[in-house]
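Report on the structure
Listed below are the residues making up each chain.
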Amino acid sequence: MTQRNPSRGAIDPYAGMREVPGFALTSTDIQDGEPLPAEQYAEPAGGSNLSPQLSWSGFPAETKSFAVTCFDPDAPTGSGFWHWSVANIPASVTELAAGAGSLGSALLPEGALTMPNEKREPAFTGAAPPEGTGAHHYWFVVHALDVERIDVDPQATPAVMGFTMRDAVIARAVIVATGEYGQAA
């Protein structure tokens, strides 16, 4: 059964997962509950395909690494749409610059692993909601892990990454931004 997060009005992709504490996630580019700026849309949708700046704090002291994901559960696919997925971010890193998700970017920390998104690119792909599908909710999530790294095939999907790290997640920080067809143009 699909569950909605009443505080966000969105399908909650984490509703069926083990509950973990939250921590703070902020951005100079996106805001919780607000529309995505044009920069976070895909180029064909009028955007710049730019991953947003993200900063986090207040995570558990036993955190040994982070993973960052961006998922749209409202995509008309039956399985949502993964826009971005990065594993093995060292615990000493508490911010990603805007554009860190660009293909070949040097803005990710050494050792970080970007999984292929739904377009099969190891990068961030911006929003591009199809016409007539209403509001989409983009879940930007930082997962605090109690392991220094997760061993996942670099060509695996973000869903496999999520499955691989599920028992290591000790806290989660979330920003849910929205987007609609034609909003960036």
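For the structure itself, look to the data block above.
Now for a look at the structure at hand.

Turning to the nonpolar core, a few remarks are in order. The biggest cluster of nonpolar side chains holds 29 residues, and the ones touching the most others in it are Phe23, Leu36, Trp56, Val68, Trp84, Leu96 and Val142. Of all the secondary structure elements, the ones that give two or more residues to this core are β4 (54-57), β5 (65-72), β6 (81-90), β9 (136-145) and β10 (169-179). Broken down by element, the residue count for this core peaks at five residues, all from β10. Here Phe23 is in contact with Trp56, Ser57, Gly58, Phe59, Phe66, Val142, Ala144, Ala171, Arg172 and Ala173, once residues within four sequence places are set aside.

With antiparallel pairing, the five strands of this open sheet are ordered in space as β8-β6-β5-β9-β10. Edge positions in the sheet fall to β8 (113-114) and β10, since each of these pairs with one other strand and no more. The strands touched by helix α1 (residues 158-165) within the sheet are β5, β6, β9 and β10, with β6 carrying the most contacts at an inclination of about 45 degrees.

In the structure shown here, the tally under the stated rule is two salt bridges. Among the salt bridges present, the one from Arg149 reaches Asp151, with a minimum N-O distance of 3.5 Å. In this structure Arg149 comes out as partly exposed when scored by relative accessible area, which is 48%. Under the relative-accessibility criterion, Asp151 is labelled exposed at 65%. With a shortest N-O distance of 4.0 Å, Asp167 and Arg166 are connected by a salt bridge. Judged by relative accessible area, which is 57%, Asp167 ranks as exposed.

Reading the values: the criteria
Residues numbered from 1 in each chain as written. Predicted model: local features only at pLDDT ≥ 70, side-chain atom pairs only at ≥ 80, totals over all residues. Heavy atoms only, no water. Core = buried A, V, L, I, M, F, W, Y, C linked by side-chain atoms within 4.5 Å. Buried < 20%, exposed > 50% of the residue type's maximum accessible area, 1.4 Å probe, protein only. Helix = DSSP H or I, 4+ residues; strand = E, 2+ residues; numbered from the N terminus. Contact = heavy atoms within 4.5 Å. Pairing = 2+ DSSP bridges. Axes fitted to C-alpha atoms, helices over the stretch in contact; angles between N-to-C directions. Salt bridge = Lys/Arg side-chain N within 4 Å of Asp/Glu carboxyl O.

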